[in-house]
Structure formats: C-alpha cells, structure tokens
Amino acid sequence: MLEIKNLEISFFDGKKQIRRTDSVSFEVREGEILALVGESGCGKSITALSIPGLLARNGRVTGGEILYRGRDLLKLSEKELDAVRGREIAMIFQDIMYSLNPVFTIGNQMIEGMRKHLGYSKAQAREEAIRLLERVGIRESERVMKSYPHMLSGGMRQRVMIAMALSCKPRMLIADEPTTALDVTIQLQIMQLLRSLRDEYGMSILLITHDIALVTEMADRVVVMYAGQCVEQADTERLLKAPAHPYTRALLAAIPDIKHDKSRRLYSIRGAVPENYQDMTGCRFAPRCELADSCTKCGGWHTLPDGRRVRCDLAGQEG
Ligand SMILES: Nc1ncnc2c1ncn2[C@@H]1O[C@H](COP(=O)(O)OP(=O)(O)OP(=O)(O)O)[C@@H](O)[C@H]1O
Ligand SMILES: [Mg+2]
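This structure is a prediction, so every number in the text was calculated from the model and none was measured.

## Description of the sheet that holds strand β9 (residues 221-226)
And step 1. Taken in spatial order, the 8 strands make up an open sheet running β6-β7-β8-β3-β9-β10-β12-β11, and their pairing is mixed. Strand pairing shows two members of the sheet lacking a second neighbour, β6 (89-92) and β11 (302-303), which therefore form its edges.
And step 2. In terms of strand pairing, β9 meets strand β10 (residues 229-235) through 6 bridges, oriented antiparallel. Looking at the pairing, Tyr226 lines up with Gln229 of β10.
And step 3. Contacts from helix α10 (residues 246-253) reach β3 (33-37), β9 and β10, with the element oriented near 105 degrees to β9.

Here it is, written out as structure tokens:
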C-alpha cells in the first residue's frame, strides 16, 4: 500500500540545511496496522507529515521515495496530491489545531469534505457526520455540529478530528498519537472503532504512539526509530518477545510491567536523543548503548535468521 524508501527530510534555516531523517524505509501493507515508535524527537511526526505532503514550510523531502500504491507521491502536482489527501490518505495530527479550520463549524467542515470527496448530498453527508461523531463517543452530536473548534474541549476536538479523518473512508489512515488527550474509556472506544474500520474496509493504519499497551493491542508490525533512522522492524509479537536492537530492548525494559504501570508510557533510558544527529557516523545509539564497548559501532543493517532486519552489528553477529 505504502512504501517509504530511504526517506530524507531536511529543515532549512536560510541556507543552512539540517537533516532530520535519513534512510527511513518501511512499508505499510494493505489492511495492516503498523506502529511507529521511538523517543520524542526521533522523527516520527515529520515522517508522517511528509507522506501527504504536509511538512512545515521550512521543511522538505531531500531524498528518497514515498510510493503509494506504486505512485511516488513526491512527484505529484499539488492538485494531484490534494485528490489523494483526505480521500485516499487521511491523517490525524498530533497537533490538533493543525487540522480544524477555526472559521467554519464542525458540521460545515465534515459535510464539505464528504460532498467534495464522496459526492454525497448535503443531507446524506449530515447524516453520516452525525453517525461518525457518535461512533467516536460524542453524545451531543447535533450541538457539536453547530460548534466552532474553539468552543470545544481538547478531548472533544481530538474526537472530532478522528471522525473527520474517517469521514471519507480513506484507504490509509496516518494517526499520530491519536488518543493522547483522551481518557482510557474513550481511547478504547476509538481504538475499537479503528480496528473495526480496518476489518470492514481493509483500511491500512500507520499508528504513531508512545503507548506500548496500544502497540500490543493494535499493531501487526512495529518499526522502531532512533535519531532520524529506522533501527528495527518486526512483527509485534516477535518484537515484544525478543527485541533485537539494544535500543528496542531499552525501550521495552523501561516499562517494568505493562499491567501495573499505570502511565503505560514507553521510555526512560539514560541520556537523551542527541540534538544534532545529522553528522553522526556509524551507530547513533552507541553513546547511550550499554553494549557499545564490545561493538564495532558501525550500525549497519543485518538480517537475522528469522528474516527480521536490525541496524545493530552486535545483534547481527549474535544472530
Ligand atoms: N518545522 C520544523 N523546523 C525545524 N525543525 C523541526 C521542525 N519540525 C520538526 N523539527 C525537528 O525534527 C526532529 C523530529 O521531530 P518530530 O516532530 O518528527 O519528532 P517526534 O518523533 O514526532 O517526537 P514526539 O514523540 O515528541 O512527537 C526534531 O529534532 C524537531 O526539532
Ligand atoms: Mg511527534
């Protein structure tokens, strides 16, 4: 469905170029839920934003390909991309205010999208909008339809945004921390909704999250990112049982017991993601890695006997 190849994203400050991701490669298969995990600042959101061409103005894809059903999205005109956005690929943003237009009511925005992309009549779109708002746990859907974004609470806005993203029945959903602002009951309801849409329409989902419980419950496969690069990819079950990269191991070890850790958040590894990682050569995790002393620190890709790919020389040697 989606294949990202050697994606390099840079930001520009005048003439100065700062590379924030490089050699990011992964695929999202049809009907699959793929989780993208990694500490704050490792490049998850910018990777996600680059897919529908929504990077901030000072950012640009400076290398690689984004193939959506065989077509390189980076080569499409703005008009062609606009047709893909919303209808084919929808996005739930980490930053809520990004996606709701402050000058139109929620109802207006939802109805317009469905009329434009699905050719619905106004009445049809309205009915569908109400149904969707109810499915994301909004009881007063009539009132919400008449509201402007600023009139709603953060949790409500997040649910509206999810309903809006789903309204045009996209083939692919990119969900960046979709439920962080929501309480656990609503979160569960929304995750069930996403999963049932995946089952009903075969929608593919790229799920970005810090919540390991969500990964466990939702994802078929996991891609781990560190400092602007992918470091490991595996089936969820295999990754949780036997993480191969020391970084993945550290991420998982940082939650002592998933069942008893109420915050359910990943990570507290010593040190932090380096601020400026673009000029680092070899393994970028080496400065924080407990096993670095016995390693070449080259950070090359290795294929393990089970077919899994991991960017760690030690893991490669140990197989
Ligand atoms: N508009 C921008 N201009 C300059 N640098 C940016 C911009 N947006 C993101 N970056 C930088 O790119 C890097 C990756 O950011 P990104 O938002 O993708 O991280 P993330 O993995 O999503 O983190 P989090 O888990 O906190 O959401 C960071 O170093 C960030 O400072
Ligand atoms: Mg982010």
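## Describing the site of ligand 1
And step 1. As a structural note, the neighbourhood of ligand 1 is formed by 15 residues, with Ser40, Gly41, Lys44, Ser45 and Ile46 the closest of them.
And step 2. Measuring from a nitrogen atom of ligand 1, one finds a side-chain N or O atom of Asn58 at 3.0 Å.
And step 3. Taken by itself ligand 1 offers 640 Å² of open surface, and the protein chains cover 69% of this.
And step 4. For the shell around ligand 1, the leading source of residues is helix α1 (residues 44-50), giving 3 residues.

## Topic: helix α7 (residues 184-201)
And step 1. Over its 18 residues, α7 runs 25 Å from end to end, which matches the ideal 26 Å to within 8%, given 1.5 Å per residue.
And step 2. The set of residues buried in α7 consists of Ile186, Gln187, Ile190, Met191, Leu193, Leu194, Leu197 and Arg198. Buried residues of α7, viewed axially, fall in a sector of 155 degrees; they line one side. Of the exposed residues in α7, the ones pointing more than 90 degrees away from its buried face are Val184, Thr185 and Asp199.

## Looking at the side chain of His210
And step 1. Structurally, His210 is set in the loop between β8 (204-208) and α8 (212-218).
And step 2. A distance of 2.4 Å separates a polar atom in the side chain of His210 from a polar atom in the side chain of Glu177.

## A look at the packing of helix α3 (residues 106-118) against helix α4 (residues 122-135)
And step 1. Packing of α3 against α4 leaves a shortest axis separation of 9 Å and a crossing angle of 120 degrees. On the basis of the axis angle, α3 is oblique to α4. Seen along the crossing, α3 lies across α4 with a hand that is right-handed. Where α3 approaches α4, its residues Met110, Ile111, Met114 and Arg115 are matched on the opposing element by Lys122, Ala125, Arg126, Glu128, Ala129, Leu132 and Leu133.

## Thoughts on the pairing of strand β2 (residues 16-28)
And step 1. Where strand β1 (residues 2-13) meets β2, 9 bridges bridge the pair, whose relative direction is antiparallel. Across the sheet, residue Phe11 finds its bridge partner in β2, namely Ile18.
And step 2. Linking β1 to β2, which pair antiparallel, is a turn of 2 residues; within it Gly14 sits at a positive phi near 60 degrees.

## A look at the domain arrangement of the chain
And step 1. In terms of domains, the chain is made up of domain 1 (2-88 + 170-318) and domain 2 (102-169).
And step 2. Each of domain 1 and domain 2 has a C-alpha centre, and the two are 29 Å apart.
And step 3. The partner domain 2 presents 15 residues to the 23 residues of domain 1 that form the contact.
And step 4. Carbon and sulfur atoms make up 62% of the area that domain 1 and domain 2 hide from each other, which totals about 1,500 Å².
And step 5. Broken down residue by residue, the surface that domain 1 buries against domain 2 is led by Arg87, Pro170 and Leu193, which jointly contribute 32%.
And step 6. If you look at where domain 1 meets domain 2, you find 2 salt bridges.
And step 7. The partner of Arg135 in a salt bridge is Glu200, with the nearest N and O atoms 3.7 Å apart.

Analysis parameters
Residues numbered from 1 in each chain as written. Chains lettered and ligands numbered in written order. Predicted model: local features only at pLDDT ≥ 70, side-chain atom pairs only at ≥ 80, totals over all residues. Heavy atoms only, no water. Pairing = 2+ DSSP bridges. Helix = DSSP H or I, 4+ residues; strand = E, 2+ residues; numbered from the N terminus. Contact = heavy atoms within 4.5 Å. Axes fitted to C-alpha atoms, helices over the stretch in contact; angles between N-to-C directions. Near = heavy atom within 4 Å. Polar contact = N/O pair within 3.5 Å; in protein donor to acceptor, adjacent residues only side chain to side chain. Areas by Shrake-Rupley, 256 points an atom, 1.4 Å probe, with all protein chains shown as cover. Expected span 1.5 Å × (residues − 1). Buried < 20%, exposed > 50% of the residue type's maximum accessible area, 1.4 Å probe, protein only. Arc of directions from axis to C-beta. Parallel < 35°, antiparallel > 145°, perpendicular 65-115°, else oblique. Left-handed = near helix turned anticlockwise from the far one by under 90°. Domains from an automatic or database assignment. Buried area = accessible area lost by both parts, 1.4 Å probe. Salt bridge = Lys/Arg side-chain N within 4 Å of Asp/Glu carboxyl O.

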